[in-house]
Amino acid sequence: MKINQKLFLQFGICIIFFGLIGILINNLTINLIRTGLGFNFSWLFKPASFALAEHPLPYTSSDSYAWALFIGWLNSLKVIVSSLILATFLGTLIGFARTGTNSLLGLISAGYITIIRQTPLLLQLMFWYFVGFLGLKDNMFIQIKNILNISNQGIEFSGLTFSSEFLALLFGLSIFTSAYIAEVIRGGILSVSRGQWEAFRSLGISERKGLTLIILPQALPAIIPGLTSQYLNLAKNSTLAIAVGYSDIYAINDTIINQTGRAIECFIILLISFLLLNLLITNTMEIINRLILKSREYS
Amino acid sequence: MEPIVVAKNLTKSYTKGLRALDNVSLTVDKGKVLVVMGPSGSGKSTLIRTFNGLETFDKGEINILGIKVDSTHDERKIQKIRRRVGMVFQQFNLFPHLSILENITLAPIHVQKRRQIEAEEYGMYLLSQMGIDSHAKKYPIQLSGGEQQRVAIARALALKPELLLFDEPTSALDPERINEVLDAMRTLAEQGMTMIVVTHEIGFAKDVSDQVLFMDSGKVVETSPPNIFFSNARHERSRKFLNQLDKH
Ligand SMILES: Nc1ncnc2c1ncn2[C@@H]1O[C@H](COP(=O)(O)OP(=O)(O)OP(=O)(O)O)[C@@H](O)[C@H]1O
Ligand SMILES: [Mg+2]
């Protein structure tokens, strides 16, 4: 492209961009005037007057909207972090099986990846919620000496209780994301040269040890960026919590919009909440990445 | 004489109809050096890689150090062989994320379950044998090609193997770096190590080998002592190959 054309294109894009922003601001002002609410956040400190089934910190319906939103944010964080760990664990195992020498395991994991990736996440969440948990008997489906108790209320494990809603979301998100993580792991493993496999094999080192001691450390630089983007997807997908009735930040925001009509303020809060969540994830991964690079003086 | 390697009628095809190995038989006795030569694609790598189970084969059988393997490729037997046979590759294949010493102690610690101190002591001994003990703490990328290949030899020696396999160990080296590796191999041969070496280094083959095996299109054309092979090869095909080597 010639410089003139480039300049013209960039100029055009700028005009379109600022035009869109102008329309947005215009709409915003008109809407705010029409609802007669004005733009402010003082309502945040009024009592929320709705109950929350799940709250990691003390909460009653007389607590403020702000506190309800914070509880929602914590609920989101809880399900995201636990899904992220489970998905990574599952995805790594499946990625290993997919690249391993056992052809039966390879076939099973390839099938798993295909099926999971070709079914909508919403459907999978519904499956776990309605078939997986609500399908269970009323109480004490499985009870092992009061240590493990699985019922349609969720899972109770030595004092810790997990609701069916949380578990359906956890299973749905983890299994869905694990199929993508498996592919990221596989790609990373394939990026390591064949010679490395031959070298550890010829030393009598087993496949499992060779994978963890030789191949995986070299595959990590190729794996980390893909992993980060899957984690970000997981965080965004967690807003589907509303479908199974789990009180995450998005679901609570939705309730508040219905009660107060403060759609614009709520969307700004939602935007910032997710910005915070995603910054948390990207920065953690960046730190991990730097630690890995630092541990390899050779590169 | 005690045979270390006996291969009988090895046959292998990667793609149907094209034989990478075609009825290959050979014997290598204890303490002997066999040099394998042949044009590109003749099956040299495939042949020596079957000896430690990196390649499977379709027909025939091999007996390595008394362990018999056939086309069923019994993983447990192959694992046993790999603990007693070392291999050195053209591209060195050192582990880039491990230090030189860690490259060498990895197998003794994880395969033979040796104590770290013990493995490191022996690793340092091997590195000094190779004349590179001053590099023990460095990483592979900080070493020259010749030094890296000597590390690879030390790594292959760490499990105290009874047979060493070399697949073109000097082909990826600068000309002025070739001799330091060949000298290390010469010393090993003098110490009585049994070796199978794929190489086109005529000087090395003449001085060190007991037999030269010449391959073409997966077949063994001839197996002769080096004095005969290089001055008066039995087969027309071998002479043609040697003529071409001389021109380079
Ligand atoms: N992994 C593979 N898949 C398919 N064909 C292969 C594979 N490896 C080798 N071959 C083929 O088998 C034949 C023998 O190859 P091999 O690598 O053993 O030859 P070589 O004598 O070592 O050659 P070079 O001197 O180039 O290293 C060649 O025709 C080659 O193309
Ligand atoms: Mg070769």
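Residues numbered from 1 in each chain as written. Chains lettered and ligands numbered in written order. Predicted model: local features only at pLDDT ≥ 70, side-chain atom pairs only at ≥ 80, totals over all residues. Heavy atoms only, no water.

**Side note on the overall build of chain A**
Here comes step 1: Within chain A one finds 10 helices and four strands.
Here comes step 2: Expected size for 299 residues packed as a compact globule is a radius of gyration near 19 Å; at 24 Å, chain A overshoots this value by more than 25%.
Here comes step 3: Dimensions of chain A, computed from the C-alpha atoms along their principal axes, are close to 75 × 75 × 35 Å.
Here comes step 4: Split into buried and exposed, the 299 residues of chain A put 41% on the buried side.
Here comes step 5: Partitioning the contacts of chain A with sequence separation of at least 6, the portion at a separation of at least 24 is 61%.
Here comes step 6: Distance between charge centres in chain A, computed from 19 positive and 13 negative side chains, equals 10 Å. (Helix = DSSP H or I, 4+ residues; strand = E, 2+ residues; numbered from the N terminus. Rg over C-alpha atoms; globule rule 2.2 N^0.38 Å. Buried < 20%, exposed > 50% of the residue type's maximum accessible area, 1.4 Å probe, protein only. Contact = heavy atoms within 4.5 Å. Lys, Arg positive; Asp, Glu negative; His and termini not counted. Charge placed at Lys NZ, Arg CZ, Asp CG, Glu CD.)

**Re the site of ligand 1**
All names here are of chain B.
Here comes step 1: Y14, A20, P39, S40, G41, S42, G43, K44, S45, T46 and E168 make up every residue found near ligand 1.
Here comes step 2: Taking S40, its side chain carries an N or O atom lying 2.6 Å from an oxygen atom of ligand 1.
Here comes step 3: At a separation of 2.8 Å, an oxygen atom of ligand 1 approaches a polar backbone atom of G41.
Here comes step 4: When isolated, ligand 1 has an accessible area of 640 Å², and the protein chains bury 56% of it.
Here comes step 5: Element by element, the count of residues in the shell around ligand 1 is highest for helix α1 (residues 44-50), at three residues. (Near = heavy atom within 4 Å. Polar contact = N/O pair within 3.5 Å; in protein donor to acceptor, adjacent residues only side chain to side chain. Areas by Shrake-Rupley, 256 points an atom, 1.4 Å probe, with all protein chains shown as cover.)

**Remarks on the sheet that holds strand β8 (residues 195-198) of chain B**
All names here are of chain B.
Here comes step 1: Reading across from one edge, β6-β7-β8-β3-β9-β10 is the order of the six strands in this open sheet, with mixed pairing throughout. The open sheet has two edge strands with one neighbour each: β6 (85-88) and β10 (219-224). Each adjacent strand pair in this sheet contributes to an overall mean axis angle of 15°, direction not counted.
Here comes step 2: Note that strand β7 (residues 163-167) and β8 share four bridges and pair parallel. Looking across to β8, one finds that D167 is bridged to V198.
Here comes step 3: Along the sheet, helix α9 (residues 236-247) makes contact with β3 (33-37), β9 (211-216) and β10, crossing β9 at roughly 95°. (Pairing = 2+ DSSP bridges. Axes fitted to C-alpha atoms, helices over the stretch in contact; angles between N-to-C directions.)

**As for the interface of chain B and chain A**
Here comes step 1: With 23 residues of chain B in contact, the opposing surface of chain A contributes 20 residues.
Here comes step 2: Between chain B and chain A, roughly 2,000 Å² of surface is buried when both sides are summed, and carbon and sulfur atoms account for 62% of that area.
Here comes step 3: There are one salt bridge connecting chain B and chain A.
Here comes step 4: Of the charged contacts, one joins R49(B) and E198(A) as a salt bridge, the two residues approaching to 2.8 Å between their closest N and O atoms. (Buried area = accessible area lost by both parts, 1.4 Å probe. Salt bridge = Lys/Arg side-chain N within 4 Å of Asp/Glu carboxyl O.)

**Here's the deal with the confidence of the model for chain A**
Low pLDDT means the predicted atomic positions in that stretch should not be read closely.
Here comes step 1: Across chain A, pLDDT averages 87, with 94% of residues at or above 70.
Here comes step 2: Confidence scores differ between elements of chain A, with strand β1 (residues 142-144) of chain A showing the lowest mean pLDDT of 64 and helix α6 (residues 194-202) of chain A the highest of 96. (pLDDT = per-residue confidence, 0-100.)

**Quick notes on the pattern of salt bridges**
Here comes step 1: Counted according to the given criterion, the structure contains 21 salt bridges over all chains.
Here comes step 2: For K78(A), the salt bridge identified is with E54(A), shortest N-O distance 3.5 Å. Placement of the pair is K78(A) in helix α2 (residues 65-99) and E54(A) in the loop between α1 (3-35) and α2, with a sequence separation of 24 residues.
Here comes step 3: Residue K78(A) is classed as partly exposed on the basis of its relative accessible area, which comes to 31%.
Here comes step 4: Judged by relative accessible area, which is 12%, E54(A) ranks as buried.
Here comes step 5: Members of the salt-bridge network, linked through shared partners, are R194(A), E198(A), K12(B), R49(B) and E55(B).

**Some words on helix α6 (residues 175-190) of chain B**
All names here are of chain B.
Here comes step 1: If you check α6, its first and last C-alpha atoms are 24 Å apart, about what 16 residues at 1.5 Å a residue would give, namely 22 Å.
Here comes step 2: I178, V181, L182, A184, M185, L188 and A189 are the residues of α6 that are buried. On an axial view of α6, the arc spanned by its buried residues comes to 155°, and they lie on one face. Among the exposed residues of α6, those pointing more than 90 degrees away from its buried face are E176 and E190.
Here comes step 3: Buried residues along α6 sit in contact with β3, α5 (145-157), β7, β8 and α7 (202-208).
Here comes step 4: Looking one or two places after α6, you find G192, whose phi comes out positive at around 95°. (Expected span 1.5 Å × (residues − 1). Arc of directions from axis to C-beta.)

**A short note on the packing of helix α5 (residues 164-190) of chain A against helix α7 (residues 207-237) of chain A**
All names here are of chain A.
Here comes step 1: Packing of α5 against α7 leaves a shortest axis separation of 8 Å and a crossing angle of 145°. Handedness of the α5/α7 crossing: right-handed. Contacts from L173, F176, T177, Y180, I181, V184, I185, G188 and I189 of α5 reach α7 at L211, I215, A219, A222, I223, G226, L227, Q230, Y231, L234 and N237. (Left-handed = near helix turned anticlockwise from the far one by under 90°.)

**Here's the deal with the sheet that holds strand β1 (residues 3-15) of chain B**
Hydrogen bonding along the main chain pairs the strands of a sheet, whether they run parallel or antiparallel.
All names here are of chain B.
Here comes step 1: Taking strand neighbours across the sheet as the criterion, the four strands line up as β2-β1-β4-β5 in an open arrangement whose pairing is antiparallel. Edge positions in the sheet fall to β2 (18-29) and β5 (67-70), since each has one partner strand and no second. Across this sheet, the average inter-strand angle for adjacent strands is 20°, counted without regard to direction.
Here comes step 2: Pairing of β1 with β2, which is carried by eight bridges, proceeds in the antiparallel orientation. What sits directly across from L10, in β2, is V24.

**Let's talk about the packing of aromatic side chains**
Here comes step 1: As enumerated under the stated definition, the model contains 15 aromatic pairs over all chains in all.
Here comes step 2: Ring centres 6.1 Å apart and planes at 40° place the aromatic pair F214(B) and F229(B) in the tilted group. Taken together, the residues span a long stretch of sequence, with F214(B) in strand β9 and F229(B) in helix α8 (residues 226-232) at a distance of 15 residues. Comparing F214(B) with F229(B) shows no difference in burial state: the two are buried.
Here comes step 3: Three or more aromatic residues joined by ring pairs form one cluster here, namely F214(B), F229(B), F230(B) and F241(B).
Here comes step 4: The aromatic ring of Y180(A) is capped on one face by R117(A), whose charged end is 5.3 Å from the ring centroid.
Here comes step 5: Between the NZ or CZ atom of R155(B) and the centre of the ring of F95(B), over which it lies, the distance is 4.5 Å. (Phe/Tyr/Trp six-rings, centres within 6.5 Å; stacked < 30°, edge-to-face > 60°. Lys NZ or Arg CZ within 6 Å of the ring centre and 35° of its normal.)

**Let's talk about the pairing of β8(B)**
Residue and element names in this part refer to chain B.
Here comes step 1: Residues of β8 alternate between two faces, with M195 and V197 on one and I196 and V198 on the opposite face, all of them buried.
Here comes step 2: Here four bridges tie β3 to β8, and the two strands are oriented parallel to one another. Within the sheet, the bridge partner assigned to V36 lies in β8 and is V198.
Here comes step 3: At this point the chain moves from β7, through α6, to the parallel β8, and the crossover so formed is right-handed. (Right-handed = clockwise from strand over helix to strand, strands pointing away.)

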